[in-house]
Each structure stands twice: as C-alpha cells, then as structure tokens.
Amino acid sequence: MIQRIQTVYMLLVAAISGGLTFIFSLYTLADGTIVFAKDDLLLLGLFMASAVLALITIFMFKNRKLQFVLNRFNNIFNLILLGVFVYRMLNLSGEMEISEKGIGIILPIISIVLLVLANRAIKKDEDLVKSVDRLR
C-alpha cells in the first residue's frame with residue numbers, strides 16, 4: 001500500500017516543507033537582507049515538524065484512520081505557519097520592515113492543498129475497504 005497516490009502527495013509535502021524552504025526565500029528586509037526559514041527558529045521548527053510528520057505518516061499505511069488524523073494534524077501545523085506569516089506581514093510592518101515577499105510564503109498553502117488531496121485519497125481507500133468488507 002505504500003505505492004498509493006497519497007504517498008506521492010505526502011512525499012511532496014515532505015520535500016516542500018523540508019527542502020524547498022532552504023532554497024526559496026521567505027521575504028526581503030528593507031536593508032536588502034534575504035530571510036530564509038533557517039534564519040528564524042520558529043519557522044524552521046514548524047517547517048521541519050511538517051516534513052517529519054509527513055514522512056512518519058507515509059509509513060502508517062496499514063492504519064488508514066491514524067494516517068488521516070496525522071494528516072489533519074499536519075494541516076494544523078501548516079495553518080499555524082501560514083498564520084505566523086500573515087501576522088508578520090500585516091501587524092509588524094512598523095517593527096519589521098519587510099520590503100518584498102518571497103515565494104517561500106506560499107509553500108504552506110501548497111502543502112495544505114497536497115495534504116487535503118492525500119486525505120481525500122485515504123478516505124477513498126477506506127471507503128473501498130469498507131465496501132469490500134460489506135460484501136463478505
């Protein structure tokens with residue numbers, strides 16, 4: 001069952017949260033300093049927690065209900081990460097002068113979409129197993 005489509009989705013989430021955060025910048029300060037996720041401990045922790053949770057969830061393929069719950073928990077991590085970005089971009093504009101937003105800010109949105117697709121595929125598998133059990 002590890003070759004299912006939800007595994008591909010969760011592997012993409014792990015790659016986005018764990019790898020692309022070091023490649024794409026989050027924002028640029030007014031003095032020209034480019035900020036990556038590795039520069040902020042909170043953001044790095046949330047991105048890495050999302051990546052590790054996605055990798056752990058891949059190997060829970062025998063317990064689809066737990067896999068579904070862990071994906072929802074990972075969605076919460078990404079929503080918190082998105083909330084931190086929105087808070088920093090909107091409320092702290094006087095304290096932290098952010099002149100340009102980077103492409104790294106949309107990474108949690110992409111992760112959320114992929115996790116929703118993975119949950120939809122897990123639910124589809126669970127419904128298929130239930131329908132086969134009903135026939136026995």
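To keep things clear, this report deals only with the structure shown in the data block. (Residues numbered from 1 in each chain as written. Predicted model: local features only at pLDDT ≥ 70, side-chain atom pairs only at ≥ 80, totals over all residues. Heavy atoms only, no water.)

Overview of the overall build of the chain
A tally of helices and strands in the chain yields 4 helices and 3 strands. The helix and strand sequence of the chain, counted from the amino end, reads α-β-β-α-α-β-α. Counting every position in the chain, which comprises 136 residues, the buried fraction comes to 40%. Considering only intrachain contacts with a sequence separation of at least 6, the fraction spanning at least 24 residues in the chain is 73%. Accessible area for the chain stands at about 8,000 Å²; split by element, carbon and sulfur atoms hold 68% of it. (Helix = DSSP H or I, 4+ residues; strand = E, 2+ residues; numbered from the N terminus. Buried < 20%, exposed > 50% of the residue type's maximum accessible area, 1.4 Å probe, protein only. Contact = heavy atoms within 4.5 Å. Areas by Shrake-Rupley, 256 points an atom, 1.4 Å probe, with all protein chains shown as cover.)

Let's talk about the pattern of salt bridges
According to the stated counting rule, one finds 3 salt bridges in the structure shown. For the salt bridge of Arg64 with Glu126, the shortest nitrogen-to-oxygen distance reads 2.8 Å. Linking Arg64 in helix H3 (residues 64-90) with Glu126 in helix H4 (residues 107-135), this pair joins segments that are 62 residues apart in sequence. Considered together, Arg64 and Glu126 belong to a single accessibility category, that of buried residues. Among the salt bridges present, the one from Lys123 reaches Asp127, with a minimum N-O distance of 3.6 Å. A residue pair is termed a helical-turn pair when its members lie 3 or 4 positions apart in one helix, as Lys123 and Asp127 do in helix H4 at 4 residues. A residue is classified by how much of its surface remains accessible, and Lys123, at 43% relative accessible area, is partly exposed. Taking the relative accessible area as the measure of exposure, Asp127 reaches 37% and is therefore partly exposed. (Salt bridge = Lys/Arg side-chain N within 4 Å of Asp/Glu carboxyl O.)

Description of helix H2 (residues 41-58)
Its 18 residues give H2 an end-to-end C-alpha distance of 26 Å, which sits within 8% of 26 Å, the value for a rise of 1.5 Å per residue. By the burial criterion, the buried members of H2 are Leu43, Leu46, Phe47, Ser50, Ala51, Leu53, Ala54, Thr57 and Ile58. With its buried residues spanning 165° around the axis, H2 presents them on a single face. (Expected span 1.5 Å × (residues − 1). Arc of directions from axis to C-beta.)

Looking at the packing of H2 against H3
Following both chains from N to C, one finds H2 and H3 inclined at 165°, their axes separated by 10 Å at the closest point. Relative to H3, the element H2 is oriented roughly antiparallel. The handedness of the crossing between H2 and H3 comes out as left-handed. Each of Leu42, Leu43, Leu46, Phe47, Ala49, Ser50, Leu53, Ala54, Thr57 and Ile58 in H2 lies in contact with H3, whose residues at this interface are Gln67, Leu70, Asn71, Phe73, Asn74, Phe77, Asn78, Ile80, Leu81, Val84, Phe85 and Arg88. Split by residue class, the contact of H2 with H3 holds 15 nonpolar, 6 polar and 1 charged. (Axes fitted to C-alpha atoms, helices over the stretch in contact; angles between N-to-C directions. Parallel < 35°, antiparallel > 145°, perpendicular 65-115°, else oblique. Left-handed = near helix turned anticlockwise from the far one by under 90°. Nonpolar A, V, L, I, M, F, W, Y, C, P; charged D, E, K, R; others polar.)

Notes on the packing of aromatic side chains
Per the stated rule, a full pass over the model turns up 2 aromatic pairs. Between Phe47 and Phe85 the ring centres are 6.2 Å apart and the planes differ by 45°, which places this aromatic pair in the tilted class. Taken together, the residues span a long stretch of sequence, with Phe47 in helix H2 and Phe85 in helix H3 at a distance of 38 residues. Given the relative accessible area of 1%, Phe47 is considered buried. One Lys or Arg, Lys38, reaches over the ring of Phe36 and ends 5.7 Å from the middle of that ring. (Phe/Tyr/Trp six-rings, centres within 6.5 Å; stacked < 30°, edge-to-face > 60°. Lys NZ or Arg CZ within 6 Å of the ring centre and 35° of its normal.)

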